[in-house]
Amino acid sequence: LRLDVATNTLIGSPIAVGALATPCTTPRGAAYDGRHVWIACQSSGALIAIHASTGGVALQVPPPPASAATRGIVYDGTNLWVTNQQADTVSKILPL
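First, a word on scope: everything that follows refers to the structure included in this document.

Rules behind the numbers
- Residues numbered from 1 in each chain as written.
- Predicted model: local features only at pLDDT ≥ 70, side-chain atom pairs only at ≥ 80, totals over all residues.
- Heavy atoms only, no water.
- Helix = DSSP H or I, 4+ residues; strand = E, 2+ residues; numbered from the N terminus.
- Buried < 20%, exposed > 50% of the residue type's maximum accessible area, 1.4 Å probe, protein only.
- Contact = heavy atoms within 4.5 Å.
- Areas by Shrake-Rupley, 256 points an atom, 1.4 Å probe, with all protein chains shown as cover.
- Lys, Arg positive; Asp, Glu negative; His and termini not counted.
- Charge placed at Lys NZ, Arg CZ, Asp CG, Glu CD.
- Core = buried A, V, L, I, M, F, W, Y, C linked by side-chain atoms within 4.5 Å.
- Pairing = 2+ DSSP bridges.
- Axes fitted to C-alpha atoms, helices over the stretch in contact; angles between N-to-C directions.

### Observations concerning the overall build of the protein
Thinking step 1. Scanning the protein from terminus to terminus reveals zero helices and nine strands.
Thinking step 2. Mapped from its N terminus to its C terminus, the protein presents α and β elements in the order β-β-β-β-β-β-β-β-β.
Thinking step 3. Taken along the three principal axes of its C-alpha coordinates, the protein extends 45 × 30 × 20 Å.
Thinking step 4. A burial count over the protein gives 30% of its 96 residues as buried.
Thinking step 5. Long-range contacts, defined as pairs at least 24 residues apart, comprise 27% of the intrachain contacts of the protein with a sequence gap of at least 6.
Thinking step 6. Surface accessibility of the protein: about 5700 Å² in total, with carbon and sulfur atoms responsible for 57%.
Thinking step 7. Measuring between centres, the 5 positive side-chain charges of the protein sit 4 Å from its 4 negative side-chain charges.

### Some thoughts on the nonpolar core
Thinking step 1. Counting eight residues, the largest nonpolar core consists of Ala 31, Trp 38, Ala 40, Leu 47, Ala 49, Ile 73, Leu 80 and Val 82.
Thinking step 2. Of all the elements in the fold, those that place two or more residues in this core are strand S4 (36-41), strand S5 (47-51) and strand S8 (80-84).
Thinking step 3. Leu 20, Ile 39, Ile 48 and Ile 50 belong to the second largest nonpolar core, which has seven residues in total.

### Observations regarding the sheet that holds strand S7 (residues 70-75)
Thinking step 1. One open sheet holds the three strands; their spatial order is S7-S8-S9, and the pairing between them is antiparallel. Each end of this open sheet is capped by a strand with a single partner; those strands are S7 and strand S9 (89-93). Shown here is a sheet whose adjacent strand axes are inclined to one another by a mean of 20 degrees, direction ignored.

Written as structure tokens, this is what we have:
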């Protein structure tokens with residue numbers, strides 16, 4: 001999406017992550033690592049990497065072991081940190 005600041009309106013369409021091979025019907029968090037925007041998907045527990053430059057999907061990552069309902073995500077400059085609500089855990093993931 002783009003923002004037209006003169007009219008204060010959004011132009012374009014959002015990325016439909018619910019229509020992917022591993023659907024993300026409840027995206028709960030996003031983090032940017034300098035190349036990709038990572039989406040935490042509560043419904044599947046998966047992570048989705050989206051090319052920041054094109055909006056295309058780069059990668060779909062299965063849920064971390066013994067986790068489901070990924071809830072939050074943050075990038076610390078090296079690793080992604082993902083909270084796993086149902087497992088009561090936090091996963092440290094080194095991105096691409």
